[in-house]
Each structure stands twice: as C-alpha cells, then as structure tokens.
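An overview of the molecular structure
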Amino acid sequence: MINIKIDNRIQEACPEVRIGLINALVVNEPTCDELWAEIEGAAREITQQYELLQINQRPAIAATRHLYKALGKDPSRYRVSSEALCRRIIRGLGIYRLTTLIDVVNLVSIKSGYAISGLDGDRIEGDTLTMSVGTADDVYNGIGRGVLNIEGMPVYRDAVGPIATPTSDEERTKFTEQTVNAQININAFAPEMPLEQAVDWMAHLLRKYAHATSVETAIYNPRQ
C-alpha cells in the first residue's frame, strides 16, 4: 500500500481530512452494460434529490470548496470533480461512458460526493504520495484539460512531481486500457457517505467489474 503524508497547511485548513485508500490488480475494459446501468441509476437519484444550486451544499463538496478558498483557489472557477460530475447530470449534459476503472470511480464519486483520485500505480514514482499545496511553478497537465493552474489547490505529489488534485488528475498517471495496478484515493475533507463504506464499496465494484485481485484497503487519518 502506498504511503500518504499530508502537509500541515492542509491539516490546519481542514482538520477533518481523511483519505480512503484502495489498491488492486485489475483488468480495465470498456464499461459493461451492468456497470453503466448502475451509473444511470445514480444519475437519476441525483436529479431527483438536488437542484443545480444545491450541489455545492453537499457536505463532501462543500468541505472541498472551503479548503480551496482557504488555500486561495476559486472553487467556482476550478470545480471539484464530484461537483462537476453532478452539475453535468442535473444540467442534462450526461457523462461519458469510458472504461471500467474510470466509471467505477465516477460512480462512487457521484454517490458519495467525494473527489476521488484514480491513478495507475505502476506510473507512480516512489512509495509515498504527499498532499501539499500547488504552487505557481508547478507544471500540471490535467486529463483532457491541458495545462492546469494548480496554484492554491491541494495536490498529491510523488517522487517526480504533482499527479492528482480534487479538480483533475494528471496525464502522467491516468488510467488507460493498459492499467493493471489501480491506486485509488478517496479524498474525504468532511464526512458524507461514511468513508469506510465508500472504501468497501469501491473494493466491491473493482472485484465485480474490473476482475480485481490482491485488493488492499486502508484509511489514512493524519491525527492517528
């Protein structure tokens, strides 16, 4: 299991932070109809439960937005990934059907409200990820977004550089159809769905849809 460290600035701005960790050997195939039906069901629930302006009041999303503001980032310009997903659903824009790993992450994110980092474990350099604060000097290519300004964002760094934020993961460590080692971090800056439940559900979905083996889970709490 990857080691996690969290910068004091993150902990001071967000004392409740915990990280759910899942690592597994997987097969990343095109999303099957059964998984897609689960995603469509989750999308219907979101449209029934929330109006557009209510999405950012979900506890997990609100806490992540608060952290952005505390670190000097505008969360309405750089939206949290879970918020962006739910907003697309409510606006009727739909979400893309991609690969199993991406869509399992999206499903848990929609239901839980948590921003989730989905990483190819074989592309992570070193054995430790440190969550710190992005700087103006960081070069970061967000998936499908091009160069992303991560100054003032919470960001995971490996031994080489930044690889994941709650807004977008980085191209270098993204899931591809060749990914066989999935490292998934559920970023809980405040509780919504119980984090233990979210971690267990993610592991279940990986076993069910991504043929996961050697599944390891943990919850990192910097206060313990």
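Reading the values: rules and limits
Residues numbered from 1 in each chain as written. Predicted model: local features only at pLDDT ≥ 70, side-chain atom pairs only at ≥ 80, totals over all residues. Heavy atoms only, no water. Axes fitted to C-alpha atoms, helices over the stretch in contact; angles between N-to-C directions. Helix = DSSP H or I, 4+ residues; strand = E, 2+ residues; numbered from the N terminus. Parallel < 35°, antiparallel > 145°, perpendicular 65-115°, else oblique. Left-handed = near helix turned anticlockwise from the far one by under 90°. Contact = heavy atoms within 4.5 Å. Pairing = 2+ DSSP bridges. Core = buried A, V, L, I, M, F, W, Y, C linked by side-chain atoms within 4.5 Å. Buried < 20%, exposed > 50% of the residue type's maximum accessible area, 1.4 Å probe, protein only. Polar contact = N/O pair within 3.5 Å; in protein donor to acceptor, adjacent residues only side chain to side chain. Nonpolar A, V, L, I, M, F, W, Y, C, P; charged D, E, K, R; others polar. Expected span 1.5 Å × (residues − 1).

Below, the discussion takes up the packing of helix H2 (residues 33-49) against helix H6 (residues 195-209). For any two helices packed against each other, the geometry comes down to the angle between their axes and how far apart the axes lie. H6 packs onto H2 with a crossing angle of 150 degrees between their chain directions and a minimal axis gap of 10 Å. Between H2 and H6, the interaxial angle falls into the category roughly antiparallel. Handedness of the H2/H6 crossing: left-handed. Residues Glu 34, Leu 35 and Glu 38 of H2 pack against Trp 201, Leu 205, Lys 208 and Tyr 209 of H6.

Spatially, the four strands line up as an open sheet ordered E1-E4-E7-E8, and their pairing is mixed. Strands with a single pairing partner mark the edges of an open sheet, and in this sheet they are strand E1 (3-6) and strand E8 (162-164). Across this sheet, the average inter-strand angle for adjacent strands is 35 degrees, counted without regard to direction.

Grouped together as the largest cluster of nonpolar side chains are 41 residues, with contacts concentrated most on Ile 110, Tyr 114, Ile 116, Ile 184, Ile 186, Met 202 and Leu 206. Put simply, the parts of the chain that give this core at least two residues each are strand E2 (18-25), H2, helix H3 (59-71), helix H4 (81-90), helix H5 (100-112), strand E9 (181-188) and H6. Look past the residues within four positions of Met 202 in its chain and what remains in contact with it is Ile 22, Val 104, Val 105, Val 108, Ile 116, Ile 184 and Ile 186. Counting 21 residues, the second-largest nonpolar core is a separate cluster that includes Ile 4, Ile 6, Ile 10 and Ala 190.

Its place among the elements puts Thr 128 in strand E4 (residues 128-133). Side-chain polar atoms of Thr 128 contact the side chain of Asp 127, separated by 3.0 Å. Filtering out sequence-adjacent residues up to four positions away, Thr 128 remains in contact with Ile 2, Asn 3, Lys 5, Arg 157 and Asp 158.

Look at H4 against H5: their axes get within 9 Å of each other, and the N-to-C directions meet at 85 degrees. Between H4 and H5, the crossing angle belongs to the class labelled roughly perpendicular. In this structure, H4 uses Ser 82, Leu 85, Cys 86 and Ile 89 to contact H5, whose residues at the interface are Asn 106, Ser 109 and Ile 110. Each residue belonging to the contact of H4 with H5 can be placed in one class, and the counts come to four nonpolar, three polar and no charged.

Turning to its location among the elements, Pro 162 is positioned in strand E8. In this structure the C-alpha to C-alpha distance between Pro 162 and Gln 48, which are 114 residues apart in sequence, comes to 37 Å.

Here the focus is H3. Helix length check: H3 (13 residues) gives 18 Å between terminal C-alpha atoms against 18 Å at 1.5 Å per residue, within 8%. Within H3, burial applies to Ala 60, Ile 61, Ala 63, Thr 64, Arg 65, Leu 67, Tyr 68 and Leu 71. Looking at the buried residues of H3, the elements they touch are helix H1 (8-13), H4, H5, E4 and strand E7 (154-157). Following H3 by one or two positions, Gly 72 has its phi on the positive side, about 95 degrees.

Moving on to the side chain of Asn 181. Note that Asn 181 resides in strand E9. Using a relative accessible area of 14% as the deciding quantity, one classes Asn 181 as buried. At 3.0 Å, the side chain of Asn 181 forms a polar contact with the side chain of Asn 23. If we skip the residues at most four places from it in the chain, Asn 181 touches Asn 23, Ala 24, Val 26, Leu 119, Asp 120, Gly 121 and Asp 122.

Sheets are built from strands that pair by backbone hydrogen bonding, the pairs being arranged parallel or antiparallel. The strand order across the open sheet formed by four strands is E3-E9-E2-E10, and the pairing between neighbours is antiparallel. On the outer flanks of this sheet lie strand E3 (115-120) and strand E10 (213-220), each paired with one strand and no other. Adjacent strand axes in the sheet meet at a mean angle of 15 degrees when their direction is disregarded. Here E3 runs beside E9; their pairing, made up of six bridges, is antiparallel. Note on E9: the bridge partner recorded for Ser 117 is Asn 185. On top of the sheet, H5 reaches E3 and E9; it is set at about 165 degrees to E3, its chief contact. Contacting E2, E3, E9 and E10, H6 runs over the sheet at an angle of about 15 degrees to E2.

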